[in-house]
Amino acid sequence: MIDLEERIVEKKSFFNRLVIIYLFFGLIFIFFLERTYSLQISEFSDYEIAALENKTKEVLVQPVRGVIYDRNGAIIVNNVPSYDLIIKPWKILDLNKFIEKISLVIELNSDEIDFVTENFNQKARYNRELILKKDLTRVEIARFEVRSFKFPNAFIDKRYSRKNNYPHLFSHAIGYVGGISNEQLNSILEDQALDQDETIFSYSNGFLIGKTGIENKYDKTLRGLFGKKIYEVDARGKFLKQTNYIEPKNGGSLFTSLDLNSHKVAYDKMNNRRGAVVAIEIESGSIVTYLSTPSFSSNDISNGISSKAFNALLKDPNKPFFDRAAQGRYSPASTIKPAIGLYGLEENLIDWNFSINDPGYFILPEDQRIYRGWRKGGHGNVNLKKAMIVSSNTFFFSLAYQSNIDNLINHLSNFGFGKDICLDCFNPDLGLLPTPDWKINNLNFGWFKGDTVNLGVGQGYLSATPLQLAYYASVIANKGINKKLTLVNNQTVKVSENLPLKNIQNSDWEKLHSSMIGVIDDPQGTAKRLKGLKTYTVAAKSGTVELVSTETKEDYKIIRENVGNRDHAIIIAFGPMPEPKYAVSVIIENGESGGSVAGPVAIAVLNSLIEE
Amino acid sequence: MKKKLDFKNFSIYFDHYLFISITLLSVMGLFFLYSASQEDLNTVIKQSIFVGFGLILMLAVSQPDPDFYKTFSGIFLVLSILLIFATMIFGKEINGAKRWLDLGFFTLQTSEIVKISLPIFLASYLYNKPLPISLKHTFITLILIGSIFFLVYRQPDLGTGLVVFMAGVYILFLAGLSWRFIFTSFGLVLLSLPFLWNNFLQPFQRQRILTFMDPSNDPYGSSWNITQSKIAIGSGGMSGKGYQDGSQAHLNFLPEAETDFIFAVIAEEFGFVGVCILLSIFFFILLRCLYLAFNARDRFCRLTIGGLSLVFASTLFINLGMVVGIIPVVGMPMPFISKGGSSLLSFYIAFGIIISMATHKKLMQK
């Protein structure tokens, strides 16, 4: 069919065609080798890392939070271990048999058995541990430990809960811990260049963060650093072996300036009335007492509380969650008078001999409006000292009347009004130091002379927190030397500043102190009932915050039928004189009398601090 | 070069180059498989039975004279097509695909047989046709190739289908398909690609191709295989992680490590050096086939050797290309290395036939 010539042509064509395909394959082969070369040699390190990341799984290990101490080294917040029974599901072949066997040693209720049964298979598949029973009793621990050789696939593990040893005394000052949002967690982990991942918890309620108070402000110190366990895993994420363990760095201890004993005393004396107590060690500016009442148990919030109980707290009309010490706004009332007196002296509006007649009221010349004092008929002839002791409103109305509002505001601001005077308090309120600008912007009214007059007795728009009032007291006690407040000792060096007062001499300060001593020690003093409660000398200024303006005592008797309308009782005090160590402010809402209601609390707290 | 072993009056047709290199590959394959199967001795024992049987089969298949294959090629083809029909009816369904006939002791992937019987049949059909192949014969051939491809494709088994298709086309091309026909049809195929894409490919196949174009598209979806395979190969580096120390394979990151992706295991554990050594054996086999094709006794033998060796080469390159990610994932084993009986045995048979074609000489050429 095919002749010889054709056969030669055919053979040649075949060879050519086969060689074409072989060459084509040869090209593919070279291309393939190039690809393999680039994967294995050029990009080797990338793929080496990718392979390593594939088989590596990091598990975070939660650090234990630092312990919080009072200023004398008493432990306030600690970590209390509870003991959980943990099993290794991947090593247990027959769960029912295992439960049967371990039930003879440790009783399991149906919830616990259900939980284990539900989660067993999944945990077994990925070689993960499973909690069989939480919070074992001592008896259970002992029963298990002596028989542990029978249960090689179960062990007891320690889990902590955060516990405040005095849960009601420090619920606002130290605050509480709680769960953490994803963003917070991510930012915490980012600091350590970690990713959010599976975590071995040291706390039974998982990730914790300081929510309020010192727990919040010093969260970073208290928190510590996460450790990690590094496992080799297979493609399904099953743990094969632990390859490395970087231990967590537990949180640092925190030595606060808070004084346990004074908190106990203050809490006792407040007796769940609405109010706040703040005391300051004058020399250091450290806060030793920081109490807002009524309070709540910070442990309940940190470690779990039924939603019913929580709602009850939320709806409590006394607002136990409200931090009155740092966030409650109160008119300083008569406690402002020492600052106003100093203003008069500084501006040479008065001197210690200057006196006026107090008829029991002050008439504003501009509009003949009457501003009343607290005592019908007045106090007669009063100078600055007497005006402080008897708390003459007329004296300070007329002094304020003569003042320049801008200078007066500036003067008051030097005492911390309207300012943040604490370096590490949680969410402190700034109170309100009203200015003409503020009034026109917020109330749409111009500033009246009457507003300035009201400022003279600490009423009207002016408001301050108990923290600010205690600071104010400490500045007066320290003769104008002021230091910002702190809750934790030994932190950054605090600068002390002097008030920018040019005309105030040491003798003026001494006379001011002696007037304030007179508030208690003088027979006419507004807080004279406190005299017998102490063994040393205390300087003070009491105040009564009028919530409803009334013309007469009879009118007040009517409005006081409603407890919420009653005046707030307020006092600032410092001692022992003449070298005061502690300054204190006390507010009792609707307590009516600064001297006789808030006063005893202030004295008791000073006693506890001074006589310690 | 001895092509015959003489035992007194009894002679065995034998090519020791191919025999030694294929045996070497098979033994290396068993060695790799032990690691790839995560030291599963059962798998290796089962595979070594196939290897042993396959080597004997190869020897046996190389004994008959090429004329035997030429004469019976039609019957072989009909039988293998019947097997595919049988698979359609009695086949074992795995993952939605009906490709296997359960023979009790062995599950046979029937399409593996047709990829040998088809090229032999075409060689026997075309060996006496004048050059260039006439349009009539070209169409008859193409219709045959197309129908068999369609049968396999419907199983569905696109990978093997393509190899069967290629096997047929290789023979047609080698036999002297006219260049004009080649260029015309090539142009037509290019034009009809969009139509094929829309009507012929299953959604998962389209997805595979799309993933292949942009593997970063879904690292844990369909490109998982490619990504993990690349990591395995790349992390092997120059000299590899060491035998049985490949983490990608041993921690199950690499899918199909015993079958389609066994090359990635080898590359991970033996590195670029190991890859080069392994590939040079394949390369040697292909060159030997080229040599044998050139020296074959007649056109039928030439076509058969050329066609079967190209089937072998195509399977290898599709597998390699898929594993390193230069072509989309299609199920394709690595010849003589991957686990799996049917494919393994089919290549022993193919090489047995190649050896038969190469070693039987005729005193007078036709």
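Residues numbered from 1 in each chain as written. Chains lettered and ligands numbered in written order. Predicted model: local features only at pLDDT ≥ 70, side-chain atom pairs only at ≥ 80, totals over all residues.

**Focus on the overall build of chain A**
- Along its length, chain A carries 22 helices and 22 strands.
- Taken against the 2.2 N^0.38 rule, which gives 25 Å for 612 residues, the C-alpha radius of gyration of chain A at 37 Å runs more than 25% over that of a compact globule.
- Each of the three principal axes of chain A carries a C-alpha extent, and together these read 145 × 75 × 45 Å.
- A buried classification covers 41% of the 612 residues belonging to chain A.
- Taking the intrachain contacts of chain A between residues at least 6 apart in sequence as the baseline, contacts between residues at least 24 apart amount to 76%. (Helix = DSSP H or I, 4+ residues; strand = E, 2+ residues; numbered from the N terminus. Rg over C-alpha atoms; globule rule 2.2 N^0.38 Å. Buried ≥ 20, exposed ≤ 12 C-beta atoms within 10 Å, placed from the backbone. Contact = placed C-beta atoms within 7 Å.)

**Quick word on helix α15 (residues 393-401) of chain A**
- Of all nine residues in α15(A), eight are buried, a share of seventy percent or more.
- Within the sequence span of α15(A), burial applies to Asn393(A), Thr394(A), Phe395(A), Phe396(A), Phe397(A), Ser398(A), Leu399(A) and Ala400(A).

**Here we look at the sheet that holds strand β1 (residues 56-61) of chain A**
- Strands sit in the order β7-β1-β9-β10 (chain A) across an open sheet of four strands; the sheet is mixed. Both edges of this open sheet fall to β7 (199-200) and β10 (239-246) of chain A, since each of them pairs with a single strand only. (Pairing = 2+ DSSP bridges.)

**Remarks on the environment of Tyr69(B)**
- Relative to the helices and strands, Tyr69(B) is located in helix α3 (residues 66-90).
- Other than its neighbours up to four places away in sequence, Tyr69(B) contacts Pro64(B), Ile120(B) and Ile353(B).

**Regarding the pairing of strand β16 (residues 369-372) of chain A**
Residue and element names in this part refer to chain A.
- Where strand β15 (residues 361-364) meets β16, four bridges bridge the pair, whose relative direction is antiparallel. Within the sheet, the bridge partner assigned to Ile363 lies in β16 and is Ile370.
- Linking β15 to β16, which pair antiparallel, is a turn of four residues; within it Gln368 sits at a positive phi near 60°.

**As for the sheet that holds strand β3 (residues 92-94) of chain B**
All names here are of chain B.
- Pairing is antiparallel across the open sheet formed by three strands, whose spatial order is β3-β4-β5. The open sheet has two edge strands with one neighbour each: β3 and β5 (107-109). Pairwise comparison of adjacent strand axes, ignoring direction, gives a mean angle of 45° for this sheet.
- Note that strand β4 (residues 97-102) and β5 share three bridges and pair antiparallel. Looking across to β5, one finds that Leu101 is bridged to Leu108. (Axes fitted to C-alpha atoms, helices over the stretch in contact; angles between N-to-C directions.)

**Overview of the domain arrangement of chain A**
- Its domain assignment divides chain A into domain 1 (4-42), domain 2 (58-255) and domain 3 (260-311 + 322-610).
- The gap between the C-alpha centroids of domain 1 of chain A and domain 3 of chain A is 99 Å. (Domains from an automatic or database assignment.)

**Some details on the packing of helix α9 (residues 260-270) of chain A against helix α22 (residues 594-610) of chain A**
Residue and element names in this part refer to chain A.
- Across the interface, α9 lies against α22 with an axial gap of 9 Å and an inter-helix angle of 160°. With respect to each other, α9 and α22 are oriented roughly antiparallel. Here the hand of the crossing between α9 and α22 comes out right-handed. Where α9 approaches α22, its residues Asn261, Ser262, Val265, Ala266, Lys269 and Met270 are matched on the opposing element by Pro600, Val601, Ala604, Val605, Ser608 and Leu609.
- For the contact of α9 with α22, a count of residues per class yields eight nonpolar, three polar and one charged. (Parallel < 35°, antiparallel > 145°, perpendicular 65-115°, else oblique. Left-handed = near helix turned anticlockwise from the far one by under 90°. Nonpolar A, V, L, I, M, F, W, Y, C, P; charged D, E, K, R; others polar.)

**So, the interface of chain B and chain A**
- On the side of chain A, 33 residues touch chain B, which itself brings 36 residues to the contact.
- At nine residues, the largest contribution of residues to the side of chain B that touches chain A is made by helix α12 (residues 299-324) of chain B.
- Classifying every residue of the side of chain B that touches chain A gives 21 nonpolar, twelve polar and three charged.

**Some details on helix α19 (residues 466-477) of chain A**
Residue and element names in this part refer to chain A.
- Counted at 1.5 Å a residue, the expected span for α19 with its twelve residues is 16 Å, and the 16 Å between its end C-alpha atoms agrees.
- Extensive coverage of α19 is indicated by the burial of twelve of its twelve residues.
- For α19, every residue scored as buried is listed here: Pro466, Leu467, Gln468, Leu469, Ala470, Tyr471, Tyr472, Ala473, Ser474, Val475, Ile476 and Ala477. (Expected span 1.5 Å × (residues − 1).)

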